[in-house]
Amino acid sequence: MNLIEKIKAIETYVCENFEELGLDDPVEEEYFSAYEEIKGASEKELQLFEEDYGVSLPEDWKELYRYKNGSGFFSILPCVLGKGEYAFSLLSLEQIRCVKGYFQNREALLTDFPDYFSKKDIGRMADARLRPYLFHTKWFPFAEYCDSCYLMLDFAPGKAGKEGQILCYVHDPDSVTYAAENITDVVGSIIKDNHIEGFFMTIELIKRLLDACYEAKRIRDMLPPLPDGVTPSYIH
């Protein structure tokens, strides 16, 4: 499955397993019907976002946003990160701009908050993939859970990190941790962690199935007359 096929599989999973995820029924609450109406971001909108913030958005992230520019109240990214479970909803590009107006709009190191983070705390949170900040202007929240936890694009990674990687900010107690190298890995982990498996009918799979049926009929039509009581199903 490609990225969008996986997202569609997650959509079905969330609608069928909302109780297990601790969510309201997205169909009954009409979250899903509203989500279905959400269109993807245009190339112009994505380009303008990049130009306004001076960043180059990861291609797979843009692929997701071309499909859906946000998810409203529908929790499309039910993630397991560390010991926590977070059913994130996707922010629209407009919502990201809004959030950036009051959150991750300044730079502040963990050491700037000695009343909240001891040297031991900071040492425990140390990760060479990300910088030791609590807030950074090059972190972009794009998915939200309970107005206090965010998935963020990181455009200022640590020495061992990669630009465009995904971080997770959790409030109370505050922490910033590495989540994944990209949105493709986030979605892949959701598929794996929630055991979302099955046979998903893509256009290519449907075509192959129809081709196989046609070939079976062609072979059956070529068979010579069979003895009484013998049908083509006996022939292997």
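The sections below set out a description of the structure shown in this document. (Residues numbered from 1 in each chain as written. Predicted model: local features only at pLDDT ≥ 70, side-chain atom pairs only at ≥ 80, totals over all residues. Heavy atoms only, no water.)

1. So, the overall build of the protein
Within the protein, the secondary structure is distributed over eight helices and eight strands. Against the compact-globule benchmark of 18 Å for 236 residues, the protein has a radius of gyration of 24 Å, which places it well outside the compact range. Along the first, second and third principal axes, the C-alpha atoms of the protein reach 90 × 40 × 40 Å. Put simply, of all contacts in the protein between residues at least 6 apart along the chain, 60% involve residues at least 24 apart. Of the roughly 14,200 Å² that the protein leaves accessible, carbon and sulfur atoms contribute 52%. Across the protein, the centroid of the 25 positively charged side chains sits 7 Å from that of the 42 negatively charged ones. (Helix = DSSP H or I, 4+ residues; strand = E, 2+ residues; numbered from the N terminus. Rg over C-alpha atoms; globule rule 2.2 N^0.38 Å. Contact = heavy atoms within 4.5 Å. Areas by Shrake-Rupley, 256 points an atom, 1.4 Å probe, with all protein chains shown as cover. Lys, Arg positive; Asp, Glu negative; His and termini not counted. Charge placed at Lys NZ, Arg CZ, Asp CG, Glu CD.)

2. What about the nonpolar core?
The biggest cluster of nonpolar side chains holds 62 residues, and the ones touching the most others in it are W61, Y65, L77, F88, I96, F142 and L151. Per-element tally for this core: the top contributor is helix α1 (residues 3–16), with eight residues. Apart from residues no more than four positions distant in its own chain, F142 is found in contact with W61, Y65, S89, L90, L91, I96, L151, M152, L153, I166 and I183. (Core = buried A, V, L, I, M, F, W, Y, C linked by side-chain atoms within 4.5 Å. Buried < 20%, exposed > 50% of the residue type's maximum accessible area, 1.4 Å probe, protein only.)

3. Considering the layout of surface pockets
Empty space within the largest pocket amounts to approximately 720 Å³. Residue lining of the largest pocket: 31 residues in total, with L23, S75, A87, S89 and Y145 positioned closest to the centre. Elements that contribute at least two residues to the lining of the largest pocket include exactly α1, β1 (77–81), β2 (84–90), α5 (93–100) and β5 (139–145). Per-element tally for the lining of the largest pocket: the top contributor is β2, with five residues. Residues of the lining of the largest pocket, tallied by class, amount to 20 nonpolar, six polar and five charged. In this structure, the second largest pocket occupies an estimated 310 Å³ of space. Forming the boundary of the second largest pocket are 14 residues, of which Y116, F117, P173, D174 and S175 lie nearest the centre. Breaking the lining of the second largest pocket down by element, the ones donating at least two residues are α6 (119–125) and β4 (133–135). Looking at the lining of the second largest pocket, the element that brings in the most residues is α6, giving three residues. Partitioned by chemical class, the residues of the lining of the second largest pocket number eight nonpolar, two polar and four charged. (1 Å grid on protein atoms, 1.4 Å probe; cavity = no way out; pocket = protein on both sides within 12 Å on 5 of 7 lines; lining within 4 Å. Points joined across faces, edges and corners; volume = space filled by probe spheres on them. Nonpolar A, V, L, I, M, F, W, Y, C, P; charged D, E, K, R; others polar.)

4. Here we look at the pairing of strand β7 (residues 165–170)
Taken across its six residues, β7 has six buried, putting it largely inside the fold. The hairpin formed by β7 and strand β8 (residues 175–180) contains four residues between the paired strands, and D172 there has a positive phi angle of roughly 60°. (Pairing = 2+ DSSP bridges.)

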